[in-house]
Amino acid sequence: MMKQIESIKECGGYLNRYKHYSSSCHCEMTFSVYLPSRAKRGKVPALYWLSGLTCTDDNARTKAGMQRYAEEQGIALVFPDTSPRGKDVADKTDRYDLGQGAGFYVNAIQAPWNQHYQMYAYITQELPQLIESELPILANVKSISGHSMGGHGALVCALKNPEAYRSVSAFSPICNPVKSGWGQACFATYLGQDKAQWRQYDATELIKSGTTINRILIDQGTADEFYDDGQLLPENFAVACQNSEQLLSLRMQAGYDHSYHFISSFIGEHIAYHANALKTQ
């Protein structure tokens with residue numbers, strides 16, 4: 001069961017916020033959903049948006065400007081949180097890239113993280129089942145996108161579940177986390193030292209292993225500070241896709257940084273891309 005805690009009319013539809021107890025993460029979780037006006041007349045498809053390090057469900061819904069495009073296309077937007085939260089949930093208060101706000105969309109296997117940090121299961125299984133049973137959202141008609149850590153999560157969720165998502169895109173994703181500082185820190189903490197476990201949550205490594213999906217869209221800003229310092233590694237992903245004949249559109253956007261200014265500049269194109277896939281039978 002979920003409890004609505006906020007509702008704001010926006011662009012003709014409603015931006016709602018909910019809380020529920022997660023059986024995956026064993027704590028109370030918060031998420032937001034934008035329901036377009038078309039949802040009053042029947043069930044609609046959904047686009048899941050996974051946010052990045054330090055974010056909550058609130059960042060994208062207030063900064064990206066997605067709702068106007070979702071209303072035009074008649075699709076719902078789902079904004080999950082980025083990690084489990086609460087006073088009993090393990091955390092690294094001196095780190096922004098570990099702990100609460102940095103779930104990395106994996107199922108942790110190392111204690112104490114494994115008790116709550118089951119974000120992969122939460123995103124791919126529990127949350128869709130809950131939303132599809134409680135809201136006017138079509139079952140099994142969904143796409144996924146995200147930014148930075150969330151872009152990593154979107155790519156991994158789609159690659160590991162090709163039948164579950166109609167389309168996938170990402171902004172500035174962490175494409176090869178086994179080779180980036182952010183990914184190495186989180187994977188060692190949540191998954192231990194077995195690199196085989198790490199590769200199961202790395203989009204580049206999944207492509208190398210033979211996993212493929214219909215098409216992937218990625219936008220990457222050339223002035224992104226995290227691109228410059230080697231955290232994102234889109235070229236590694238592009239090479240893996242080329243070698244595996246995976247269809248990829250990697251658009252290097254000149255002068256754009258890592259912020260929501262970048263996302264808001266191109267989110268309309270991403271919404272249209274997903275809407276086309278969601279409306280195709």
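How should I be thinking about the nonpolar core in this particular structure?
Across soluble globular proteins, nonpolar side chains show a tendency to be buried alongside one another. In terms of nonpolar packing, the biggest core is built from 67 residues, with F31, V33, F104, I131, I144 and Y190 touching the most fellow members. Setting aside chain neighbours within four positions, we find V33 in contact with Y14, L15, N16, Y18, L77, V78, I131, L135 and I137. Counting residues in each nonpolar core, the second largest holds 20 residues, with L47, A70, I75 and F266 among its members.

Which parts of the structure should I look at to understand the pairing of strand β1 (residues 2–10)?
In regular strands, side chains alternate between the two faces of the sheet. Note that β1 and strand β2 (residues 13–22) share 8 bridges and pair antiparallel. When the bridges of β2 are listed, E6 appears paired with R17. Remark: 2 residues form the turn of the hairpin made by β1 and β2, two consecutive strands paired antiparallel; C11 in that turn has positive phi of roughly 55 degrees.

Can you walk me through helix α9 (residues 234–244) in this structure?
Because an α-helix packs 3.6 residues into every turn, residues spaced three or four apart end up facing the same way. Those residues of α9 lying buried are P234, F237, A240 and C241. Considered in projection along α9, the buried side chains sweep an arc of 125 degrees and stay on one side of the axis. Seen from the open side of α9, the exposed residues pointing more than 90 degrees away from its buried face are Q242 and N243. On its buried face, α9 is in contact with α7 (203–208), β8 (216–221), α8 (225–228) and β9 (248–253). Positive phi appears at E245, one or two residues downstream of α9, with a value of about 60 degrees.

For this particular structure, what's the right way to read the side chain of D202?
Checked against the element boundaries, D202 lands in the loop between α6 (195–199) and α7. With no salt bridge to any partner, buried D202 finds its closest opposite charge in K208, at an N-O distance of 7.3 Å. At a separation of 2.9 Å, a polar atom in the side chain of D202 contacts the main-chain amide nitrogen of V178. Apart from residues lying up to four places away in sequence, D202 is in contact with V156, C175, N176, P177 and V178.

Would you take a moment to explain the environment of W182 for this structure?
Within the secondary structure layout, W182 lies in helix α5 (residues 181–191). Judged by relative accessible area, W182 falls into the buried class, the value being 4%. Filtering out sequence-adjacent residues up to four positions away, W182 remains in contact with L53, Y96, D97, F104, S148, I174, F226, Q231 and L232.

Help me understand unusual backbone geometry, please; the structure alone is not making it clear to me.
The bulk of non-glycine residues show a negative phi, and the bulk of peptide bonds are trans. In this structure, P112 follows A111 across a cis peptide bond, with omega equal to 0 degrees. Relative to the assigned elements, P112 resides in the loop between β5 (76–80) and α3 (119–134). In the Ramachandran plot, Y105 falls in the positive-phi region, its phi being about 55 degrees despite a non-glycine side chain. Tracing the backbone through its elements, the reader meets Y105 in the loop between β5 and α3. Phi at S172 is positive, roughly 45 degrees, even though this residue is not glycine. The topology assignment puts S172 in the loop between β7 (168–171) and α5.

What counts, and at which threshold
- Residues numbered from 1 in each chain as written.
- Predicted model: local features only at pLDDT ≥ 70, side-chain atom pairs only at ≥ 80, totals over all residues.
- Heavy atoms only, no water.
- Core = buried A, V, L, I, M, F, W, Y, C linked by side-chain atoms within 4.5 Å.
- Buried < 20%, exposed > 50% of the residue type's maximum accessible area, 1.4 Å probe, protein only.
- Contact = heavy atoms within 4.5 Å.
- Pairing = 2+ DSSP bridges.
- Helix = DSSP H or I, 4+ residues; strand = E, 2+ residues; numbered from the N terminus.
- Arc of directions from axis to C-beta.
- Lys, Arg positive; Asp, Glu negative; His and termini not counted.
- Salt bridge = Lys/Arg side-chain N within 4 Å of Asp/Glu carboxyl O.
- Polar contact = N/O pair within 3.5 Å; in protein donor to acceptor, adjacent residues only side chain to side chain.

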